[in-house]
Amino acid sequence: MNYKLKSLLALLAVVSTACIDDNYDLSDIDTTTRVQVNDLTLPVNIDAITLSDIITFDEDSKIKPVTIGGKEFYALSETGDFESDAIYIDKVTAAAPSLAPTQETLSRIMPQAKTAGFDPSDLSYTYEIVRMGNDLHYVSENIDPAIDALYSARIEPLEFGVHLEALNMGSVTDRMYFSDLVISMPKGLTCTVSTGKYNPATGIWTIDMHDVQGSTTDAKLTATAIDFAANGCEIVDHGLSLDSQFRIESGHLTIEPKIVGGIPSQLPSSLEFRVSYTLNDLTVNNLSGRINYKLAGMDIEPVSLSDIPDFLSGEETNIDLANPQIYLQVNNPVAGNDLDCSTGITLTAIREGAPAQSFSPDNGAFTIGHGRGVEGPYNFVLAPDNKDLTTPADYTTGLEFVKFSNLSALIASPADSPVKGLPQSIGIRLDDPQIPT
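Residues numbered from 1 in each chain as written. Predicted model: local features only at pLDDT ≥ 70, side-chain atom pairs only at ≥ 80, totals over all residues. Heavy atoms only, no water.

### Quick look at the overall build of the chain
- Regarding its fold elements, the chain presents 1 helix and 27 strands.
- Buried residues in the chain amount to 40% of all 437 residues. (Helix = DSSP H or I, 4+ residues; strand = E, 2+ residues; numbered from the N terminus. Buried < 20%, exposed > 50% of the residue type's maximum accessible area, 1.4 Å probe, protein only.)

### Re the side chain of Q325
- Along the polypeptide, Q325 turns up in strand β21 (residues 325-330).
- Side-chain polar atoms of Q325 contact the side chain of Y327, separated by 2.7 Å.
- Reaching out from Q325, the side chain makes a polar contact with the backbone nitrogen of T390 at a distance of 3.0 Å. (Polar contact = N/O pair within 3.5 Å; in protein donor to acceptor, adjacent residues only side chain to side chain.)

### A closer look at the confidence of the model for the chain
- On average, the chain scores 78 in pLDDT, and the residues at 70 or more come to 71%.
- Mean pLDDT per element in the chain: strand β1 (residues 2-12) is the minimum at 43, and strand β11 (residues 197-199) is the maximum at 97.
- For residues 3-27, every residue scores under 50 in pLDDT, and the model assigns this stretch 69 contacts once sequence neighbours within four places are set aside.
- pLDDT under 50 marks residues 29-35. Its contacts with residues more than four places away, or in other chains, come to 1 contact. (pLDDT = per-residue confidence, 0-100. Contact = heavy atoms within 4.5 Å.)

### Comments concerning the side chain of R351
- Assignment of secondary structure puts R351 in the loop between β22 (341-350) and β23 (357-359).
- Overall, R351 belongs to the buried group, its relative accessible area being 4%.

### As for the pairing of strand β9 (residues 173-184)
- One ladder, built from 9 bridges, connects β9 with strand β14 (residues 240-257); its direction is antiparallel. Within β14, the residue paired with T173 across the bridge is P257.
- Pairing between β9 and strand β12 (residues 204-212): 8 bridges, direction antiparallel. Bridging from a neighbouring strand, S184 pairs with I204 of β12. (Pairing = 2+ DSSP bridges.)

### Things to note about the pattern of salt bridges
- Per the stated rule, a full pass over the model turns up 8 salt bridges.
- Of the charged contacts in the structure, one is a salt bridge between R247 and D135, with a shortest N-O distance of 3.2 Å. Separated by 112 residues along the polypeptide, R247 in strand β14 and D135 in strand β7 (residues 132-140) bring together distant segments of the chain.
- You can call R247 buried: its relative accessible area is 15%.
- The salt bridge involving D211 is made with R175; its shortest N-O contact spans 3.0 Å. Taken together, the residues span a long stretch of sequence, with D211 in strand β12 and R175 in strand β9 at a distance of 36 residues.
- For R175, a relative accessible area of 32% corresponds to the partly exposed category.
- Three or more residues joined by partner-sharing salt bridges are found here, namely R131, D135, R247 and E249. (Salt bridge = Lys/Arg side-chain N within 4 Å of Asp/Glu carboxyl O.)

### Describing empty space enclosed by the protein
- Counted under the stated rule, the structure contains 2 cavities of 30 Å³ or more.
- Put simply, the second largest cavity is a space of about 60 Å³.
- If you go around the second largest cavity, the residues you meet are V92, T93, A94, Y138, V139, S140, F228, L240, S241, L242, L282 and V284.
- Looking at the lining of the second largest cavity, the elements that each hand over two or more residues are β4 (93-94), β7, β14 and β18 (282-291).
- Of the residues in the lining of the second largest cavity, the class split is 9 nonpolar, 3 polar and no charged. (1 Å grid on protein atoms, 1.4 Å probe; cavity = no way out; pocket = protein on both sides within 12 Å on 5 of 7 lines; lining within 4 Å. Points joined across faces, edges and corners; volume = space filled by probe spheres on them. Nonpolar A, V, L, I, M, F, W, Y, C, P; charged D, E, K, R; others polar.)

### What to know about the packing of aromatic side chains
- The final tally for this structure, using the stated rule, is 5 aromatic pairs.
- Judged by centre distance (5.4 Å) and plane angle (85°), the rings of F160 and F246 are edge-to-face. Of this pair, F160 sits in strand β8 (residues 147-166) while F246 sits in strand β14; the two residues are 86 residues apart in sequence, bridging distant segments of the chain.
- You can call F246 buried: its relative accessible area is 0%.
- Seen from their ring centres, Y327 and Y395 are 5.5 Å apart, and the 55° between their planes marks the pair as tilted. (Phe/Tyr/Trp six-rings, centres within 6.5 Å; stacked < 30°, edge-to-face > 60°.)

Pasting the structure below:
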């Protein structure tokens, strides 16, 4: 995050006039000569005397003329850029669990009785598939502390594969197909399937009809996004667990036997059926959730007042600022994700040998929105009120007012301070800059 800071403090102007000396020495005039002087008029043109006629400011002085709206002011001006460390949140990853193959004995459902003279090629046998599979547990540990909650996410392609096999049946079958196959999956997947259809509300993958070549077949579901909230996932102690299922709930396997010499091959009353599962790691690329990111590296050097003119640096100098204004220009590096930023700010008057005096805006923090994109700029003025602002041209677009009631006393000497005069420097601290929840 980049900030531009400009402060306009203690606007000063001095105008003065000169006196006319009305005493004249006439001692050198010849006294023998009579001189008559009536209504003597001496024209004297006196221009207005301004602060620049009295005090010379160095080119690098912090007090310099500032022209705003055609009017010239003398202001204590500090301008600079500073930026946070790179904003980075660790990826959420979870290793693929190991799922063992499952094997069951399927019972044959007797075929319908055939009338005399039926065509043997119409004969088929159906076996009932019972629940087969595993519970599914993806576990992610050491989730970045900036992630308070994870609702949904776009993920690297996550493949759920099933390999279905009827053991030792290849030589006696003419055709084999699955029907009414129901597979339980995690809910809320955005995915494509090689066959059938998937319902994200229920997490059910159904395959109405799927032909098998030989005695084995494969089906695959590829997910590119997941709704963690739909699966009841919560981050606890910087850990996340996705608990679901990857299993076949029910279905049918139908086999048409080979016909040899007009006679159907004999099929067993039961058969061995095996299901194998393949998974890959879960990796989150983009997430929707609750983020509480603390921005680091936002240190700002104090503003030194050591080069102010001597007439202002005396111990008895005490100044209350009449119309102080601090202008900030900020970008928002996460605006592209529709996220706001927020920060507080504390200004501290630092006098050697005296307790520091700190001042903050009335509401503590202010929010940097995201409506003008990453670069913004997002302009703010910190002042006791928003009347009679002398806003520099670069800060007028979308200027937001942040009430800072006690800013006028920033450089004034506290009555109980053992050290009088102006502070040697003004410290600037950003308080809890973050991407808020």
